[in-house]
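Structure at a glance
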Amino acid sequence: SEKISKKKKITTMTTTSFPSLEKLYLSNNRLETIEEFPSIFPNLKTICLFRNKLFDLNDTLSNLRCLKSLECLDLAGNPCTFDNIDYKHMTVSRLSKKLRLLDDDVVNSLDRDLANLHFANKRRGNNDSSKDDSNISHQQDDLIIEQEEEGQRDDEKDDEKDEEVVIEVDVTKN
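Each value, and the rule that gives it
Residues numbered from 1 in each chain as written. Predicted model: local features only at pLDDT ≥ 70, side-chain atom pairs only at ≥ 80, totals over all residues. Heavy atoms only, no water. Pairing = 2+ DSSP bridges. Helix = DSSP H or I, 4+ residues; strand = E, 2+ residues; numbered from the N terminus. Expected span 1.5 Å × (residues − 1). Buried < 20%, exposed > 50% of the residue type's maximum accessible area, 1.4 Å probe, protein only. Polar contact = N/O pair within 3.5 Å; in protein donor to acceptor, adjacent residues only side chain to side chain.

1. Re the sheet that holds strand 6 (residues 101–102)
Taken in spatial order, the five strands line up as 3-4-5-6-7 in an open sheet, and their pairing is mixed. Lying at the two open borders of the sheet, with one neighbouring strand each, are strand 3 (23–25) and strand 7 (105–106). For strand 3 and strand 4 (residues 46–48), the ladder comprises three bridges, and the chain directions are parallel. Paired with leucine 24 across the two strands is isoleucine 47, which belongs to strand 4.

Here it is as structure tokens:
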């Protein structure tokens, strides 16, 4: 059962389990936590939590991490995403490798590499921030170049696979 406020907004979810539910859209409600979601919706692939009242990003991601099939997530418009420079990196690095959409943006291998690089450099805790920023910039450039080279190789493979098909049409009258 759900508790409904005067304005008919969902504030919490309780007890009933929906193990076969794969998509859940709860935008524009007043959810403050999703701690029950892994037990209520264990097989979610898509969850839209746009514009709720989720304040604690760590708590939210800890609960979402238990959703092993999660592929698409929308947390935009929640207080936990406001002014949080680590939001995207943290979300990409902490959730399943299956995550392919975050707030309607495609999550690719470059995003994962940059998230890992971001936190590796934070953990290292270099005191010389200008040196660190320069190092991150060079490492990001290297990752982007690698991604572009992979894309070019894929394009070349696609070109090799494509066969030219020519259709001739005779438009002369007898």
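Past the structure itself, the notes keep going.
2. With respect to the environment of aspartate 113
Structurally, aspartate 113 is set in helix 4 (residues 109–124). Between the C-alpha atom of aspartate 113 and that of valine 92, which follows or precedes it by 21 residues, the distance is 9.6 Å.

3. Observations regarding helix 4
Taking 1.5 Å as the rise per residue, helix 4 with 16 residues should run 22 Å; its terminal C-alpha atoms sit 22 Å apart, in good agreement. Listing the buried residues of helix 4 in full gives Leu110, Asp111, Arg112, Leu114, Ala115, Leu117, His118, Phe119 and Asn121. For helix 4, the N-terminal capping position is held by asparagine 108, with its side-chain oxygen 3.0 Å away from the main-chain nitrogen of leucine 110. In the stretch just after helix 4, glycine 125 is the one whose phi turns positive, near 60 degrees.

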